[in-house]
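Here is what each chain is made of, one letter per residue.
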Amino acid sequence: DTGVSQDPRHKITKRGQNVTFRCDPISEHNRLYWYRQTLGQGPEFLTYFQNEAQLEKSRLLSDRFSAERPKGSFSTLEIQRTEQGDSAMYLCASSSYPGLAGQETQYFGPGTRLLVL
Amino acid sequence: GESVGLHLPTLSVQEGDNSIINCAYSNSASDYFIWYKQESGKGPQFIIDIRSNMDKRQGQRVTVLLNKTVKHLSLQIAATQPGDSAVYFCAENNYGQNFVFGPGTRLSVLP
């Protein structure tokens with residue numbers, strides 16, 4: 001399977017603990033996105049990378065959240081001092097950005113479901 | 001498995017009938033639109049896209065219609081099958097900006 005993969009698929013943690021999620025994009029894709037999705041809602045943008053550069057972060061992304069893509073391949077999303085409100089599905093997507101001449105299509109991974117107790 | 005969208009608008013159709021799912025988008029400057037299908041416990045799956053210079057695009061069993069005047073997008077699924085049951089999201093994009101997703105519609109296919 002050469003799609004986007006995420007690990008772990010499920011994570012249960014206690015409030016105040018740190019968690020880290022990993023995303024492996026489609027190998028030739030230069031862009032990688034993180035989204036958060038809660039029940040009954042569409043995915044909400046958190047941040048994205050083009051290669052190793054983090055180009056944008058949403059206002060939703062508090063200072064407890066940090067994302068990295070050190071080699072322009074896989075990415076990690078860390079949440080420090082988790083809160084119950086962080087419980088959600090965290091989705092990763094990747095795309096091959098064609099530049100202004102074209103359009104990009106994002107391909108999503110299966111997500112990591114986080115439950116903060 | 002987990003549920004996605006417990007309180008979403010729901011469209012129920014008989015197997016074999018056509019389905020029409022609607023979406024109102026927010027940004028008149030958006031120039032690219034995608035429909036995604038999300039099954040329980042999975043990430044969104046790309047279905048079809050359309051650029052703002054088009055008003056209709058067809059795929060296999062699916063058609064997307066774009067009305068820029070009223071900022072409306074629709075997804076038509078022909079001969080709906082049980083495997084089409086899922087939550088459907090539209091997403092809009094403006095060059096250089098992020099994708100913004102709509103709230104989603106649950107499609108339920110009745111036998």
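Residues numbered from 1 in each chain as written. Chains lettered and ligands numbered in written order. Predicted model: local features only at pLDDT ≥ 70, side-chain atom pairs only at ≥ 80, totals over all residues. Heavy atoms only, no water.

A look at the interface of chain B and chain A
Turning to step 1, where the next piece is worked out: Contacts between the two partners involve 25 residues from chain B, matched on the other side by 25 residues from chain A.
Turning to step 2, where the next piece is worked out: When chain B packs against chain A, the two sides together hide about 2100 Å² of surface, and 51% of this comes from carbon and sulfur.
Turning to step 3, where the next piece is worked out: If you look at where chain B meets chain A, you find four residue pairs in polar contact (both at pLDDT 80 or more).
Turning to step 4, where the next piece is worked out: Among the elements of the structure, β3 (32-38) and β4 (45-51) of chain B are those that each provide at least two residues to the side of chain B that touches chain A.
Turning to step 5, where the next piece is worked out: Per-element tally for the side of chain B that touches chain A: the top contributor is β3 of chain B, with four residues.
Turning to step 6, where the next piece is worked out: Residues of the side of chain B that touches chain A, tallied by class, amount to 13 nonpolar, seven polar and five charged. (Contact = heavy atoms within 4.5 Å. Buried area = accessible area lost by both parts, 1.4 Å probe. Polar contact = N/O pair within 3.5 Å; in protein donor to acceptor, adjacent residues only side chain to side chain. Helix = DSSP H or I, 4+ residues; strand = E, 2+ residues; numbered from the N terminus. Nonpolar A, V, L, I, M, F, W, Y, C, P; charged D, E, K, R; others polar.)

Some words on the sheet that holds strand β3 (residues 19-24) of chain A
All names here are of chain A.
Turning to step 1, where the next piece is worked out: The strand order across the open sheet formed by four strands is β1-β3-β8-β7, and the pairing between neighbours is antiparallel. Because the sheet does not close on itself, it has two edges, and the strands there are β1 (5-7) and β7 (65-68). Direction aside, neighbouring strands of the sheet carry axes that sit 15° apart on average.
Turning to step 2, where the next piece is worked out: The pairing of β7 with strand β8 (residues 75-79) spans four bridges and is antiparallel. Note that in β8 the partner of S66 across the bridge is E78. (Pairing = 2+ DSSP bridges. Axes fitted to C-alpha atoms, helices over the stretch in contact; angles between N-to-C directions.)

Focus on the state of the cysteines
All names here are of chain B.
Turning to step 1, where the next piece is worked out: Using the criterion set out here, one finds two disulfides over all chains in the structure.
Turning to step 2, where the next piece is worked out: The disulfide that involves C23 links it to C90, with 1.6 Å between the sulfurs. With a gap of 67 residues between them, C23 in strand β2 (residues 19-24) and C90 in strand β8 (residues 86-93) connect regions that are remote in the sequence.
Turning to step 3, where the next piece is worked out: What makes C90 buried here is its relative accessible area of 7%. (Disulfide = S-S within 2.5 Å. Buried < 20%, exposed > 50% of the residue type's maximum accessible area, 1.4 Å probe, protein only.)

Some points on the environment of P70 of chain A
Turning to step 1, where the next piece is worked out: By the element assignment, P70 of chain A lies in the loop between β7 and β8.
Turning to step 2, where the next piece is worked out: On the basis of relative accessibility, which here comes to 51%, the residue P70 of chain A falls in the exposed class.

With respect to the pattern of salt bridges
Between side chains of opposite charge, a pair can form when the charged atoms approach closely.
Turning to step 1, where the next piece is worked out: Tallying each qualifying case throughout the model produces six salt bridges over all chains.
Turning to step 2, where the next piece is worked out: E83 of chain A is paired through a salt bridge with R64 of chain A; the nearest N and O atoms lie 3.4 Å apart. One end of the pair, E83 of chain A, is in the loop between β8 and β9 (88-95); the other, R64 of chain A, is in the loop between β6 (53-57) and β7, with 19 residues separating them in the sequence.
Turning to step 3, where the next piece is worked out: Classification of E83 of chain A as partly exposed rests on a relative accessible area of 40%.
Turning to step 4, where the next piece is worked out: Residue R64 of chain A is classed as buried on the basis of its relative accessible area, which comes to 10%.
Turning to step 5, where the next piece is worked out: Among the ionic pairs, E39 of chain B bridges to K42 of chain B, the shortest N-O distance being 3.7 Å.
Turning to step 6, where the next piece is worked out: A relative accessible area of 26% means that E39 of chain B is categorised as partly exposed.
Turning to step 7, where the next piece is worked out: Taking the relative accessible area as the measure of exposure, K42 of chain B reaches 45% and is therefore partly exposed. (Salt bridge = Lys/Arg side-chain N within 4 Å of Asp/Glu carboxyl O.)

Some details on the environment of S87 of chain A
Residues and elements named next belong to chain A.
Turning to step 1, where the next piece is worked out: Following the sequence through the fold, S87 ends up in the loop between β8 and β9.
Turning to step 2, where the next piece is worked out: For the pair S87 and T13, spaced 74 residues apart in sequence, the C-alpha separation works out to 9.6 Å.
Turning to step 3, where the next piece is worked out: If we ignore the near neighbours within four places in the chain, the residues touching S87 are T38, L114, L115 and V116.
Turning to step 4, where the next piece is worked out: At a separation of 3.1 Å, a polar atom in the side chain of S87 contacts the main-chain carbonyl oxygen of Q84.

It is worth stressing that arrangement in space is one thing and function is another; only the former is reported here.
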